[in-house]
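The primary structure of each chain is shown beneath.
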Amino acid sequence: MITTKLKLILAVPMMLMAGVLFAQEYTIDGLCYSIIETDGMKSAQVEQHPGTLTGNINVPPTVNIGGADYTVTSIAHSAFYGDEFFSITLPNTIVTIGSEAFGDCRNLTSISLPSALKTIESGAFNGSALYDITIPRSVTSIDGNIVAGCEYLDNITVEPGNSVYDSRNNCNAVIQKDENTLIFGCKNTAIPSDVEHIGPYAFVNCKELTYITFPEGLSWIGYNAFYGCTGLISVNFPENLSDVGDEAFSGCTGLTSLYIPRSLSIGKYAFRGCGGLQSITVSPENRDYDSRNDCNAIIRTNNNTLILGCQNTVIPSDVTTIDRYAFEDCTGLTSIVIPDNVTTIRQNAFSGCTNLNYVSLPSGITSLSTSLFMGCENLTEVTIPNGVKTIAGTVFSGCSSLQTIVIPASVTKIQTGVFASCENLVSIIVESGNTNYDSRDNCNAVIETSTNTLVAGCKTTVIPADVTAIANSAFDGCKGLTSMTIPENVTIIGHSAFEDCENLTNIIIPNKVTEIGQSVFRNSGVTSLIIPESVTKVYQGSFEDCKFLTSVSWPSSLTEIPRECFARCSSLKSISIPEGVTSIAGYAFTSCTALASVELPSSLTSLGGYAFLRCDNLEKVTANMTTPPAINENTFPSRANATLYVPAGSIAAYQSAQYWNEFGLILEQVAYIPGDANGDGSITVADYIAIAHYIMGTPPANFNEQAADANGDGQINVADYIAVAHIIMNSNN
């Protein structure tokens, strides 16, 4: 069977004719194809497909489309990405395999590449489970590493007779002949002695690689060549090696020692995140770098910049700059004294130093750079020198042991998130005399004086009454915060202001607030929310991942519920959206797994795709719109199991509206009294009995489910039984 759909192809594999083609996509026997044109010849290309393919896959050499046969010549970008099949047979007509075509195919352990194959694009087999790969003699173009992250890959072979590539000396690598460049290898690679270059990404994320020997004639190592090779424990660079590219050994956490030879030029952050280093030495003959005074660091000689340190580094007194990422993820570093000649420490210089507990900052620095100590979870004390003017964003983010901080009078600029996830911070003091910031009334917070904006707080913060705004990320990750009183003068709550405040259960939004930022309460512990009528703007994801949220009051002043606003609020059982709301964006309530009842206002005109995706327990949707707005198949994916209540006289419109007509049951709304389960106009013992029968599975013929839901939570259960009992008792009194 063949199905078709329109598709706009904006990019085609490099062997195909360039340009924008309008084509159709055809599904034949579970695989998707498009017709492509190369040098005037039409053929078929295997395209991405919906869903996941399993089992054994067979790609035919030809497909019949519209009565004509087309040869299958190529596999498109990501065509089989993430599929779960165990084997695939490719026809010998295939000449091109696109980038990431078989990426992340975790069950694919072997593949026989077609004998006519010419081009393999980058990452074609990244992250697959291949044990071996053989490159056919026909291949003339390989776009870099095609097997990155293939942890089981043992053997790499190039068929004899290939004019462009070889795997000489059974080296378990692919080498480009004319330049003697190793294109990609694996954990068992032995680099031949005549190889002159190692290409970019050649061994990227080859975590099983433990040792590699570089030939004496090696000239350069490309960027990211050994990125993420966490198992690599030793490298010995030949003396005549001239270049190591940007981030070439970044993330090689297993390296313990490093020697920089006389001629080597080091690319940006070539050894970033090599946190296991214990010793670093530079050849005395190197003109660009040195390790003066046996400092166990690499220093750029011409400007006295320390570009790489380790756990045993002693920073020389004549160093003036510590470069970006210099000590990043150096988990063995416990303390560091930075000499007074240092005037610049660049961003992330000490980020991820999880055991760093003490640092002495020099008096000459004027700024603390972005994420400087981010993730230094054992840092208990730091003194910011008087003279510092700027504290950049997330400087101390994740310093979970930090308890006190003093902002000196010299500081003129503090960016957002400086204390994000500093969960044990209890004291924040701004020195008197600071003309830009204060901590008025001993509030344990930083407040921008001129705007009355709270910039950063902690779990003991008491927001002063004259504060008018809470800045972005002001309390982000403050896990010790359990409740917060926001003063009446606050009008803006910034992006992520209370994000990840997991234990914050109680918060009242005051009546002057006009703006609630993106992700402002994301993953907090709030259980109920009343958004006041003063609010005119709520951003995307404001309340997403609030897994304890059970009730929401949404104001009529807000006409749109934005994207992912309540995504993954897994305790939310019912929602009644007020009149005035005209739009519910895509994914607004996605994965609200407990949601059973939704009421939509008559003002609603737009309902986005995936708005109620994965709301699998949805039982009841009350649509008050007389004309059903357009929806798609993913707006209410579980609609077949839900009942739709529509206004009187509108049932025909909903029964003829696409996707609305797929609800399990469509009923017209009728006026009812909550608790009047039998619909006789009064609430008596008869209703009490009717609900009991419903719960036991034997509802009476005249049973009104809407009325029986006495507490309005979208479900009929013992709670409604009790509610009706209370109504009866109160009426008798």
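Residues numbered from 1 in each chain as written. Predicted model: local features only at pLDDT ≥ 70, side-chain atom pairs only at ≥ 80, totals over all residues. Heavy atoms only, no water.

Undergrad: Looking at this structure, how should I read the pairing of strand E38 (residues 453–456)?
TA: On a regular strand, each side chain points to the face opposite its neighbour's, so the side chains alternate between the two faces of the sheet. Pairing between strand E37 (residues 446–448) and E38: three bridges, direction antiparallel. The partner of Glu448 across the bridge, within E38, is Thr453. Where E37 hands over to E38, the hairpin turn is made up of four residues, of which Asn452 adopts a positive phi near 55°. Inspection of the sheet shows E38 paired to strand E39 (residues 469–470) by two bridges, in the parallel sense. (Pairing = 2+ DSSP bridges. Helix = DSSP H or I, 4+ residues; strand = E, 2+ residues; numbered from the N terminus.)

Undergrad: Explain the confidence of the model for the protein chain to me, please; I cannot follow it from the model alone.
TA: Detailed conclusions should not be drawn from predicted coordinates in areas where pLDDT is low. Of all residues in the protein chain, 96% have pLDDT values of 70 or greater, and the mean over the chain is 92. Confidence drops under a pLDDT of 50 for residues 1–22, and excluding neighbours within four residues, the segment shows 50 contacts in the predicted structure. (pLDDT = per-residue confidence, 0-100. Contact = heavy atoms within 4.5 Å.)

Undergrad: What's the story with the sheet that holds strand E51 (residues 606–607) in this structure? I'm lost.
TA: Each strand in a sheet pairs with another by means of backbone hydrogen bonds, the pair being arranged parallel or else antiparallel. Taken in spatial order, the three strands line up as E47-E49-E51 in an open sheet, and their pairing is parallel. Strands with a single pairing partner mark the edges of an open sheet, and in this sheet they are strand E47 (560–561) and E51. Bridge count between strand E49 (residues 583–584) and E51: two bridges; the pairing is parallel. Bridging from a neighbouring strand, Ser583 pairs with Ser606 of E51.

Undergrad: I would appreciate a short explanation of empty space enclosed by the protein in the present structure.
TA: Taking a probe equal in size to a water molecule and rolling it over the atoms shows the remaining empty space. Tallied over the full model, the rule gives three cavities of 30 Å³ or more. For the largest cavity, the calculated volume is near 80 Å³. For the largest cavity, the lining is made up of 15 residues, of which Val147, Gly149, Cys150, Gly185 and Cys206 are closest to its centre. Its residues placed into classes, the lining of the largest cavity shows nine nonpolar, four polar and two charged. (1 Å grid on protein atoms, 1.4 Å probe; cavity = no way out; pocket = protein on both sides within 12 Å on 5 of 7 lines; lining within 4 Å. Points joined across faces, edges and corners; volume = space filled by probe spheres on them. Nonpolar A, V, L, I, M, F, W, Y, C, P; charged D, E, K, R; others polar.)

Undergrad: What is the right way to read the nonpolar core from this model?
TA: A general trend in soluble globular proteins is that nonpolar side chains are found buried together. Ranked by size, the top nonpolar core spans 71 residues in total, and within it Phe475, Phe498, Phe543, Phe589, Leu600 and Trp660 carry the most contacts. When contributions to this core are tallied by element, the ones reaching two or more residues are strand E50 (597–600), strand E52 (620–623) and strand E53 (643–646). Among all residues touching Leu600, those that are not within four sequence positions of it are Ile577, Ile584, Leu607, Val621, Thr622, Ala623, Asn624, Met625, Phe636 and Trp660. Leu306, Val388, Cys422 and Leu425 belong to the second-largest nonpolar core, a separate cluster that totals 51 residues. (Core = buried A, V, L, I, M, F, W, Y, C linked by side-chain atoms within 4.5 Å. Buried < 20%, exposed > 50% of the residue type's maximum accessible area, 1.4 Å probe, protein only.)

Undergrad: Help me understand the sheet that holds strand E14 (residues 165–166) in this model?
TA: In space, the seven strands of this open sheet follow the order E14-E15-E16-E17-E18-E19-E21, with mixed pairing throughout. In the strand order of this sheet, the two ends are held by E14 and strand E21 (265–266), each with one partner. Pairing of E14 with strand E15 (residues 173–176) involves two bridges; the strand directions are antiparallel. Paired with Tyr165 across the two strands is Gln176, which belongs to E15.

Undergrad: What is the right way to read the layout of surface pockets from this model?
TA: Roughly 350 Å³ of internal volume is contained in the largest pocket. Its residues assigned to classes, the lining of the largest pocket shows five nonpolar, 11 polar and three charged.

Undergrad: Mind showing me how you'd approach the pairing of strand E3 (residues 31–38) here?
TA: Of all the eight residues making up E3, six are buried; the element is thus mostly covered by neighbouring parts of the structure. In textbook terms, the turn of a hairpin is the stretch between consecutive antiparallel strands, and for E3 and strand E4 (residues 41–47) this stretch comprises two residues, one of which, Asp39, has a positive phi near 50°.

Undergrad: Just checking my understanding: could you explain the pattern of salt bridges for this structure?
TA: In a structure, side chains of opposite charge can pair up when their charged atoms sit close to one another. All chains considered together, the criterion is met by 18 salt bridges. A salt bridge links Asp290 to Arg292, with the nearest nitrogen and oxygen atoms 2.8 Å apart. The buried category is assigned to Asp290, whose relative accessible area is 15%. A salt bridge links Arg568 to Glu544, with the shortest nitrogen-to-oxygen separation between them at 2.5 Å. With a gap of 24 residues between them, Arg568 in the loop between E47 and strand E48 (574–576) and Glu544 in the loop between strand E45 (537–538) and strand E46 (551–553) connect regions that are remote in the sequence. Overall, the relative accessible area of 29% leaves Arg568 in the partly exposed class. For Glu544, a relative accessible area of 8% gives the class buried. Through salt bridges with shared partners, a single ionic network connects Glu499, Arg522, Glu544, Asp545 and Arg568. (Salt bridge = Lys/Arg side-chain N within 4 Å of Asp/Glu carboxyl O.)

Undergrad: Can you help me understand the side chain of Glu247 in this one?
TA: Here Glu247 shows up in the loop between strand E19 (243–244) and strand E20 (257–260). Ignoring sequence-local partners within four residues, the contact set of Glu247 consists of Asn224, Tyr227, Lys268, Tyr269, Ala270 and Arg272.

Undergrad: In this structure, what is going on with the environment of Ser557? I would like to understand it.
TA: Residue position: Ser557 is located in the loop between E46 and E47. For Ser557, a relative accessible area of 27% corresponds to the partly exposed category. Through-space distance from the C-alpha of Ser557 to that of Pro578 is 9.6 Å; in sequence the pair is 21 residues apart. Setting aside residues up to four positions removed in sequence, Ser557 forms contacts with Pro532, Glu533 and Val535. Within the structure, the side chain of Ser557 is placed 2.8 Å from the backbone oxygen of Val535, a separation counted as a polar contact. (Polar contact = N/O pair within 3.5 Å; in protein donor to acceptor, adjacent residues only side chain to side chain.)

Undergrad: Just to check I follow, could you spell out the state of the cysteines for this structure?
TA: Covalently bonding the sulfur atom of one cysteine to the sulfur atom of another cysteine gives a disulfide. Under the defined criterion, the tally for this structure stands at zero disulfides. In this structure Cys171 is not part of a disulfide, and its nearest cysteine sulfur, from Cys186, lies 9.0 Å away. With a relative accessible area of 1%, Cys171 lands in the buried category. Unpaired in terms of disulfides, Cys565 finds its nearest cysteine sulfur in Cys569, a separation of 8.0 Å. (Disulfide = S-S within 2.5 Å.)

Undergrad: Honestly, helix H4 (residues 718–732) in this entry has me stumped. Any pointers?
TA: Note: α-helices contain 3.6 residues per turn, so residues at a spacing of three or four share the same orientation. End to end, H4 covers 21 Å across 15 residues, agreeing with the expected 21 Å (1.5 Å per residue, within 8%). The complete set of buried residues in H4 reads Asp720, Ala723, Val724, Ala725 and Ile728. Regarding H4, its N-cap is Asn717, as a side-chain oxygen of that residue lies 3.0 Å from the backbone nitrogen of Ala719 further along. (Expected span 1.5 Å × (residues − 1).)

Undergrad: Could you clarify how one ought to interpret the packing of aromatic side chains in this entry?
TA: Aromatic ring pairs are described here by two measures, namely the spacing of the ring centres and the angle between the planes. Per the stated rule, a full pass over the model turns up 32 aromatic pairs. With a centroid separation of 4.7 Å and an interplanar angle of 10°, the aromatic rings of Tyr694 and Phe703 are classed as stacked. Looking at Tyr694, the relative accessible area reads 25%, which means it is partly exposed. The class of Phe703 is buried, set by a relative accessible area of 15%. Joined through ring pairs, the aromatic side chains of Phe475, Phe498, Phe521, Phe543, Trp554, Phe566, Phe589, Phe612, Phe636, Tyr654, Trp660 and Phe663 make up one cluster. Seen from the ring of Tyr325, Arg272 lies directly overhead, with NZ or CZ sitting 3.6 Å from the centre. Above the plane of the ring of Tyr645 lies Lys620, whose end atom (NZ or CZ) is 5.8 Å from the centre. (Phe/Tyr/Trp six-rings, centres within 6.5 Å; stacked < 30°, edge-to-face > 60°. Lys NZ or Arg CZ within 6 Å of the ring centre and 35° of its normal.)

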